[in-house]
Amino acid sequence: MFQNKPEEVTTMTSFADRIARAKAAYGQRLAILGHHYQTDDIIRHVDFQGDSLELARKIESLGAEHVVFCGVFFMAESAAALARPGQKVHIPRMDATCPMAEMAPASRVEQVLLALRAQGRNVIPLAYVNSTADVKAICGRFGGSVCTSANASAMLKWALDQGDAVLFLPDKNLGMNTAAQLGLPASDHHVINVQASGGRVDMQAAAKARLLLWPGACAIHHKFKPRHIEQMRQAHPGVRVLVHPECAPEVVQASDGAGSTSYLIKQCAEAAPGAVIAVGTELNLVFRLAQRHKAEDKTIIPLKALTCSNMAKISEQRLAELLESLDTAPPVTLPSNVTELSRLALERMLRICA
Ligand code: 13P
């Protein structure tokens, strides 16, 4: 539909102009979604911005024929699983992966889950949304579901009620932080050894635990350390420290509050003028918050400057190029059984946390 007329596209035409023109050409047939970790260059073009839960919720209400997802690949996969028939989901860079999602390959997840279940316990898999569609499909097949950082405690509570134990994956930090929120004692969880296709799981320890944790973590959030919080408190007495729950439990415990990206945004918006807030999450979001609240006399600083290189792969140039070739660009596709079962797991989450 969108014809890129070479005579109009001179080297002087900015990517922003090309994106605006493509958006105008597609009109209601196109919806662009963006995660909070995207750069401002991308965020200014999106129709809807949100955290992982808000973005997943949004899909079902979209009538657009083309959904362009500015985020990392698992987010586009979830959108593809939730999309209506005929709707096409695209991502400007198919290689914008999430290393944490790759820490739980589906074949190994299934082997480990079967090894745990072979002990006679009904182990329910609960996948953090930062996981592949194949892993979400396993959750759908074995009576489990999905969670995001915004609903992890409600979903973990639900999963614990469904069986004898929960296999939470791939983020052990989010699992432990959520367990602490629910008051689950440390003796009730166990980080499993996932090597040798489930052959190295300490079955005695696993049998005693209600929460079995996959040993994955976010490469970015895992870099925040308690010493960064101590240094921040020394440098800025009275500072409020807020972090994402993908941070290690000792970091969450040393902070003044932890929650999803939307929680962090809300806390900054609701802070009183004069507040000094250090935020421990991806830098693009922290910069945006600092800019947004500067005029209200709020000082928002990064706990440590850490960027997600995969989120940053989505550039204005790639977005412009995708939009100009949307009718022929390959959408994100999933095998039909993966679509069906990952959708089942995602819809359970959306229903439970409606
Ligand atoms: P949120 O769901 O809090 O936006 O987090 C997504 C994510 O990938 C954090 O690393």
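The structure contained in this document is the topic of the report that follows. (Residues numbered from 1 in each chain as written. Predicted model: local features only at pLDDT ≥ 70, side-chain atom pairs only at ≥ 80, totals over all residues. Heavy atoms only, no water.)

A short note on the site of the ligand
Around the ligand, the structure places His35, Tyr37, Asp51, Ser52, Asn130, Ser149, His221, His244, Glu246, Ser260 and Thr261. Between an oxygen atom of the ligand and a side-chain N or O atom of serine 52, the distance comes to 2.9 Å. Here an oxygen atom of the ligand sits 3.1 Å away from a polar atom, N or O, in the side chain of asparagine 130. Summarising the interface, the protein chains cover 96% of the accessible area of the ligand, which totals 300 Å² for the free molecule. Split into classes, the residues belonging to the shell around the ligand amount to one nonpolar, eight polar and two charged. (Near = heavy atom within 4 Å. Polar contact = N/O pair within 3.5 Å; in protein donor to acceptor, adjacent residues only side chain to side chain. Areas by Shrake-Rupley, 256 points an atom, 1.4 Å probe, with all protein chains shown as cover. Nonpolar A, V, L, I, M, F, W, Y, C, P; charged D, E, K, R; others polar.)

Describing the layout of surface pockets
Within this model, the largest pocket holds a volume of roughly 360 Å³. Mapped by element, the contributors of at least two residues to the lining of the largest pocket are helix H3 (52-59), helix H4 (73-82) and helix H5 (99-102). Split into classes, the residues belonging to the lining of the largest pocket amount to 14 nonpolar, 13 polar and three charged. Lining the second largest pocket are 15 residues, with Asn177, Gln181, Pro245, Val252 and Ala258 positioned closest to its centre. When residues of the lining of the second largest pocket are traced back to their parent elements, those giving at least two are helix H8 (152-162), helix H9 (172-181) and helix H12 (249-254). Counted by class, the lining of the second largest pocket contains seven nonpolar, eight polar and no charged residues. (1 Å grid on protein atoms, 1.4 Å probe; cavity = no way out; pocket = protein on both sides within 12 Å on 5 of 7 lines; lining within 4 Å. Points joined across faces, edges and corners; volume = space filled by probe spheres on them. Helix = DSSP H or I, 4+ residues; strand = E, 2+ residues; numbered from the N terminus.)

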